[in-house]
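# Structural description and commentary
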Amino acid sequence: MEHAIELRNVHKSFGSFSITDLSLKVKKGFVTGFIGGNGAGKSTLIKMMMNLLQPDSGEIRVLGMNYKENEKKIKERIGFVFNDATLYKELDLSDMKKLIAPCYRQWDDRLFHQYCDRFELPLRNKIKSFSDGMKMKVSLAFALSHHADLLIMDEPTANLDPIFRREFMQLLHEVMLNEEKTILLSTHIMSDLSSLADYITFMQKGQIVFSKELHEIEEKYAIVRGKVELLDGDTEQYFLSITRTDSGFEALTSDYKAVQALFGNEVIIEKASLEEIMYYSRGGKADASIN
Amino acid sequence: MLQLIKKDIAIHKFQWLLYLAMLLFFMLLDKDAIFIIALMSAIITMNAFFADEQANGHKLWNAMPFTRSEIVSARYSSLLVVTVISMSTVMMIEPILNGGWDVLIWKELVGGVVLIMLSGALCFPIFYWLSQRSVIFVLLILYILLVIAGAYSFYYLYLYLSDTLIIPQALSDGKLFGFGFVIALCLYMLSWRLSIKIYKNRGIL
């Protein structure tokens, strides 16, 4: 089994939003960062991967199995962290653990207490006295304490302070020392991914814009600035999106070398960050078609 | 699934003391056992629904190794467990307060079970249909009011049936309550299946 998650021709629609004919493979043993603006469909897709939402059509396989036949087996091997806390506020952490721990066959109590110590989580305080960041730490401790093969995290760092966000990323690095583990992490904070992710999947309006290796993105994507006169029907094909101003144009390309060869020193070319790729890709093309 | 039933019992924690105090209060007020059993079971179950809604419980338990059928079945089972706990507590306290059991208390116990099954059968599918929406909190209150109204309706219906000539001749109390129990059980089972169907088709937001 090469892929931890496989989606084939998945359709899902509600109201005006729809995901159409979406196919995606999340490689086993790697960290895949899931990026996209608000309403891009990241959470919907994650919920389908966890069987919280069912697709209208298409196939979803997780850890080589489908939910229809192996729902419990799959969920046994998934650790999850959602952006909103899923905790009973009137209980203390120790009570909460007593509810969750027996549900997993591979629950490791020693590991859970290690994480509680590390995150400085008080076992005897009620959850309602915890800050948002602490609740996220609790979710993370639960997700990591049953030796899950697949960690699915939906914007886990959104409510964390910068210090714990770093610790969190460090922790995920440690988790990934085990080569069997896979992490799928959706986030708005691109800096989280640059140090951690192996693959980046970019979603927009219910579609996958691209799903590529991070180093490939870093090598190939660039922001190009130059005079508007350089643009014509032929040269525009090298760009995914173009913004024209009075002083010139700014464009995003996914073919750094081709643009450099084409324009030479007539333009300024800078490597694009993930944030810039997201920004410039709004309404742009998924791929530049170069004839 | 057993773990989910345990969860439904455990999430109340110290509130069990409050439930016991309420039960004692109603018993001291000399309320009918049918009223006390049905009301206490409904309050405890409503609180479990409420806690799950507040804690994003649908998301939590559906992301864990449980099927939707198990999640629904656990709630239907835990209502019965809670009813048995309420019945047992009433049975234990009754002799202390009144010096012994009324020979007719069995009617009230069966009546309580029938009432809680009928109200659960009616309301649970609606709760699963409207879960994760804010209107659910209003419906949970209505559920309690329905049980209270049901307890009184049950009482007056029994008086009416007893006063008519046909029913007492045709059916003994045993048969009447047995018949009521079987009907309530059948409706409860049907509702159980319906809730599973509704919940399986629901997206968890």
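Residues numbered from 1 in each chain as written. Chains lettered and ligands numbered in written order. Predicted model: local features only at pLDDT ≥ 70, side-chain atom pairs only at ≥ 80, totals over all residues. Heavy atoms only, no water.

### Section: the packing of helix α5 (residues 68-98) of chain B against helix α6 (residues 105-129) of chain B
All names here are of chain B. Where α5 contacts α6, the two axes come as close as 11 Å, and the packing angle between them is 155°. One way to sum up the angle between α5 and α6 is to call them roughly antiparallel. Judged by the twist between their axes, the crossing of α5 over α6 is right-handed. Across the interface between the two elements, I71, V72, R75, Y76, L79, L80, T83, M87, M91 and E94 from α5 touch I105, L109, V113, I116, M117, G120, F124, P125 and Y128 from α6. Taken together, the residues of the contact of α5 with α6 sort by class into 15 nonpolar, two polar and two charged. (Axes fitted to C-alpha atoms, helices over the stretch in contact; angles between N-to-C directions. Helix = DSSP H or I, 4+ residues; strand = E, 2+ residues; numbered from the N terminus. Parallel < 35°, antiparallel > 145°, perpendicular 65-115°, else oblique. Left-handed = near helix turned anticlockwise from the far one by under 90°. Contact = heavy atoms within 4.5 Å. Nonpolar A, V, L, I, M, F, W, Y, C, P; charged D, E, K, R; others polar.)

### Some words on the layout of surface pockets
The probe, sized like a water molecule, is rolled over the atoms to show the empty space still left. Roughly 420 Å³ of internal volume is contained in the largest pocket. Taken together, 15 residues line the largest pocket, and the ones lying closest to its centre are N51(A), Q54(A), N66(A), Y67(A) and K68(A). Within the residue set of the lining of the largest pocket, elements represented by two or more residues are β4 (57-62) and α2 (67-76) of chain A together with α5 of chain B. Classifying every residue of the lining of the largest pocket gives four nonpolar, six polar and five charged. Put simply, the second largest pocket is a space of about 340 Å³. Forming the boundary of the second largest pocket are 17 residues, of which V114(B), F154(B), L157(B), L176(B) and G180(B) lie nearest the centre. (1 Å grid on protein atoms, 1.4 Å probe; cavity = no way out; pocket = protein on both sides within 12 Å on 5 of 7 lines; lining within 4 Å. Points joined across faces, edges and corners; volume = space filled by probe spheres on them.)

### A word on the side chain of T182(A)
Residue and element names in this part refer to chain A. Topologically, T182 is positioned in strand β8 (residues 182-186). T182 gets classed as buried once you look at its relative accessible area, which sits at 1%. Other than its neighbours up to four places away in sequence, T182 contacts A4, V26, K27, K28, G29, F30, D149, L150 and L151. (Buried < 20%, exposed > 50% of the residue type's maximum accessible area, 1.4 Å probe, protein only.)

### Here we look at the pairing of strand β2 (residues 17-27) of chain A
All names here are of chain A. Bridge count between strand β1 (residues 3-14) and β2: eight bridges; the pairing is antiparallel. Considered in β2, the bridge of V10 is made with L22. Counting the residues between successive antiparallel strands, the hairpin from β1 to β2 contains two residues, one of them, G15, with a positive phi of roughly 60°. (Pairing = 2+ DSSP bridges.)

### Structural notes on the confidence of the model for chain B
For chain B, mean pLDDT is 87; residues scoring 70 or higher make up 97% of the total. Mean pLDDT across the elements of chain B ranges from a minimum in helix α8 (residues 166-170) of chain B, with 62, to a maximum in helix α4 (residues 57-63) of chain B, with 93. (pLDDT = per-residue confidence, 0-100.)

### Notes on unusual backbone geometry
When glycine is set aside, most residues are seen to have a negative phi, and most peptide bonds are trans. All names here are of chain A. One non-glycine residue, N51, lies in positive phi territory at about 65°. Relative to the assigned elements, N51 resides in the loop between α1 (42-49) and β4. Look at H147: it is not a glycine, yet its phi comes out positive at around 55°. Here H147 lies in the loop between α5 (132-144) and β7 (150-154).

### Digging into the pattern of salt bridges
Residue and element names in this part refer to chain A. Taken as a whole, this structure holds 27 salt bridges over all chains when the rule is applied. Residues E71 and K75 are paired through a salt bridge, measuring 2.6 Å at the closest nitrogen-oxygen approach. With a gap of four residues between them, E71 and K75 both fall in helix α2, about one helical turn apart. Assessed through its relative accessible area of 13%, E71 is described here as buried. The partner of D149 in a salt bridge is R77, with the nearest N and O atoms 2.6 Å apart. A residue pair is termed long-range when its members are at least 10 positions apart, and D149 in the loop between α5 and β7 and R77 in the loop between α2 and β6 (78-81) qualify at 72 residues. Beyond isolated ion pairs, a larger network of salt bridges with shared partners links E6, R8, E59 and R61. (Salt bridge = Lys/Arg side-chain N within 4 Å of Asp/Glu carboxyl O.)

### Details of the packing of helix α1 (residues 2-10) of chain B against α5(B)
Residue and element names in this part refer to chain B. Contact geometry for α1 and α5: axes closest at 8 Å, N-to-C directions at 50°. Here α1 is positioned oblique relative to α5, judged by the angle of their axes. The way α1 lies across α5 gives a crossing that is right-handed. Between α1, through L4, I5, K7, D8 and I9, and α5, the contact on the second element is made entirely by E70, I71, A74, R75, S77, S78, V81, V82 and I85.

### Topic: the interface of chain A and chain B
Contacts between the two partners involve 29 residues from chain A, matched on the other side by 27 residues from chain B. Ranking the residues of chain A by area buried against chain B places L52(A), K72(A) and Y88(A) at the top, with a combined share of 26%. Where chain A meets chain B, there are four salt bridges. At the boundary of chain A with chain B, the tally comes to 15 residue pairs in polar contact (both at pLDDT 80 or more). Contributing elements (two or more residues each) for the side of chain A that touches chain B: α2 and α3 (93-100) of chain A. No other element matches α3(A), which puts five residues into the side of chain A that touches chain B. Broken down by class, the residue content of the side of chain A that touches chain B amounts to 15 nonpolar, four polar and ten charged. (Buried area = accessible area lost by both parts, 1.4 Å probe. Polar contact = N/O pair within 3.5 Å; in protein donor to acceptor, adjacent residues only side chain to side chain.)

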